[in-house]
Amino acid sequence: MSPLLAAFLLLVSMGLTSASTVPLRPGFYAETCPEADFIVKDVMRRNMIREPRSAASVMRFQFHDCFVNGCDASVLLDDTPNMLGEKLALSNIDSLRSYEVIDEVKEELEKVCPGTVSCADIIIMAARAAVVLSGGPDWDVKLGRVDSLTASQEDSNNIMPSPRANASLLMDLFQRFNLSVKDMVALSGSHSIGQARCFSILFRLYNQSGSGRPDPAIETNYREKLDKLCPLGGDENVTGDLDATPTTFDNRYFKDLVAGRGFLNSDQTLYTFPETRKYVTLFSKNQLAFFRAFVEGMIKMGDLQSGRPGEIRSNCRMANSRPVRVLMES
Ligand code: HEM
Ligand SMILES: *[C@@H]1O[C@H](CO)[C@@H](O)[C@H](O)[C@H]1NC(C)=O
Ligand SMILES: *[C@@H]1O[C@H](CO)[C@@H](O)[C@H](O)[C@H]1NC(C)=O
Ligand SMILES: *[C@@H]1O[C@H](CO)[C@@H](O)[C@H](O)[C@H]1NC(C)=O
Ligand SMILES: *[C@@H]1O[C@H](CO)[C@@H](O)[C@H](O)[C@H]1NC(C)=O
């Protein structure tokens, strides 16, 4: 037997598949779990009634999962004694939230079609549901992803952008994932829903680029409002809305940027730089153009894959445990 075939059979015997061997496609669960879409949407709807912000928090998972070694639900893994996961990485600690909503979806799906729907696909379906249920566009999601066996805090720290980032850095980062400037600006429009902490903006309110002054791009009345919300020395966990309509997915975010009312530096900078400004202007005037570009960006981001072996986790927080006997067959 060739070593390659032996390795392949070993993976199969362990219940693992290589992500690169399974092309993503819409309707992947049409036969094996036709209820999947409905269940995801239903759980999302119930959670949004309990807490409207959960839509935004769940949608954010797609970004933080897909950018770090592909869309493989690595972001959902809890730390283990041998592995520092991504939950405590710089961009996620005290910030990424609503993991329990994904758990709830997974539990419901395991009842109806056990061992079938990957946590990675749940993130993709839940992000789409969050957008649709918030008044945004609907689209066909490609499915068939597998869940990673590990996560990497270091990779997350190295990759995920800071709220201090300027448009130049963000264009470079997204380019590394084959996401265009237009994709990047449209995907930033996800900040049409949700909130962020004072922690993420204190520097731009009081010491932008070490100047000892606020970011001059912030409109005066808005800055006074932010100063009250986030006083120097205050509670850095207090949150503010990312745009003026934080539970509605619309192009208000871009209108706010044009008016100097972006919450994060990484938001406002999109209007400051000429390369990105033209898309902010376009999306501020044309919501349909924003929706189209956003959908295209979400699909492209959802195509990011690690190509590493994976599995269908039964609990999104941990890799399935396999009998030691199987592991020793190699
Ligand atoms: C362009 C680069 C991006 C940067 C620098 C960035 C940064 C941030 C930061 C700093 C926060 C608030 C964290 C906190 O203070 O706790 C946040 C929130 C959020 N981000 Fe981004 N983000 C980016 C792109 C994206 C993308 C591509 C998506 C999804 C497609 C996304 C979805 C969200 C959502 C929905 C929230 C609100 C979450 C909630 O309310 O719980 N972001 N982002
Ligand atoms: C953008 O940010 C990067 C990294 O912080 C910095 O090196 C660069 O000078 C900034 N670019 C501009 C034009 O401000
Ligand atoms: C980006 O596209 C190039 C050329 O098609 C490809 O070789 C590369 O793997 C892609 N990168 C990512 C992160 O998908
Ligand atoms: C502002 O930032 C600069 C450089 O990062 C730093 O040297 C300075 O101490 C900061 N000033 C205040 C008031 O925090
Ligand atoms: C913010 O909240 C987290 C818990 O959610 C806590 O561990 C942290 O100390 C708080 N930070 C500040 C500055 O209060």
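Residues numbered from 1 in each chain as written. Chains lettered and ligands numbered in written order. Predicted model: local features only at pLDDT ≥ 70, side-chain atom pairs only at ≥ 80, totals over all residues. Heavy atoms only, no water.

Per the UniProt record, "binding site: Ca(2+) 1" (unreviewed entry) is found at Asp-65, Val-68, Gly-70, Asp-72, Ser-74 and Glu-86. Taken along the chain, the residues just named run across 22 residues; in space they keep tight, none of their C-alpha pairs more than 13.2 Å apart. Judged by relative accessible area, Asp-65 falls into the buried class, the value being 0%. With residues near it in sequence (within four places) discarded, Asp-65 still touches Gly-70, Cys-71, Asp-72, Ala-73, Ser-74, Val-75 and Ile-123. Within the structure, Asp-65 has its side chain in polar contact with the backbone nitrogen of Asp-72 (distance 3.1 Å). Looking at the secondary structure, you find Gly-70 in the loop between helix H3 (54-66) and helix H4 (99-112). Dropping the residues within four chain positions of it, Gly-70 is found in contact with Asp-65, Leu-304, Gln-305 and Ser-306. (UniProt positions renumbered as here; feature names shortened; annotations may be inferred. Buried < 20%, exposed > 50% of the residue type's maximum accessible area, 1.4 Å probe, protein only. Contact = heavy atoms within 4.5 Å. Polar contact = N/O pair within 3.5 Å; in protein donor to acceptor, adjacent residues only side chain to side chain. Helix = DSSP H or I, 4+ residues; strand = E, 2+ residues; numbered from the N terminus.)

Another aspect to go through is the site of ligand 5. Near ligand 5 you find Asp-94, Asp-235 and Asn-237, and these make up its full shell. Asn-237 is positioned with one of its side-chain polar atoms (N or O) 2.3 Å from an oxygen atom of ligand 5. (Near = heavy atom within 4 Å.)

The next point concerns the packing of aromatic side chains. Within the structure shown, the criterion is met by 17 aromatic pairs. Centroid distance Phe-63 to Phe-174: 6.0 Å. Interplanar angle 25°. Geometry classified as stacked. With Phe-63 in helix H3 and Phe-174 in helix H7 (residues 167-175), the pair connects residues that are 111 residues apart, well separated along the chain. Look at Phe-174 and you get buried, because its relative accessible area is 5%. Measuring from ring centre to ring centre gives 4.8 Å for Phe-249 and Phe-294, while their planes differ by 55°; the resulting arrangement is tilted. Of this pair, Phe-249 sits in the loop between strand E3 (239-241) and helix H11 (252-258) while Phe-294 sits in helix H14 (residues 287-302); the two residues are 45 residues apart in sequence, bridging distant segments of the chain. A residue is classified by how much of its surface remains accessible, and Phe-249, at 1% relative accessible area, is buried. (Phe/Tyr/Trp six-rings, centres within 6.5 Å; stacked < 30°, edge-to-face > 60°.)

The next subject is H14. The first and last C-alpha atoms of H14 sit 22 Å apart over 16 residues, in line with the 22 Å expected at 1.5 Å per residue. Among all positions of H14, only Ala-289, Phe-290, Phe-291, Ala-293, Phe-294, Val-295, Gly-297, Met-298, Met-301 and Gly-302 are buried. Residues of H14 that are buried make contact with H3, helix H5 (119-133), helix H8 (181-188), H11 and helix H13 (274-285). The residue sitting at the N-terminus of H14 and contributing the capping side-chain oxygen is Asn-286; that oxygen lies 3.2 Å from the backbone nitrogen of Leu-288. (Expected span 1.5 Å × (residues − 1).)

Neighbouring ligand 1 are 28 residues, the closest being Ser-57, Ser-95, His-191, Arg-197 and Ser-200. Residue His-191 places a side-chain N or O atom 2.9 Å away from a nitrogen atom belonging to ligand 1. Side-chain polar atom of Ser-200 to an oxygen atom of ligand 1: 2.6 Å apart, as the coordinates give it. For the shell around ligand 1, the elements supplying multiple residues, two or more each, are H3, H7, H8, strand E2 (195-197) and H14. If you tally residues by element for the shell around ligand 1, the top one is H3, at five residues. Residue composition of the shell around ligand 1, grouped by class: 14 nonpolar, ten polar and four charged. Structurally, the shell around ligand 1 is a two-domain feature, drawing no fewer than three residues from each of domain 1 (11-160 + 302-328) and domain 2 (167-300). (Nonpolar A, V, L, I, M, F, W, Y, C, P; charged D, E, K, R; others polar. Domains from an automatic or database assignment.)

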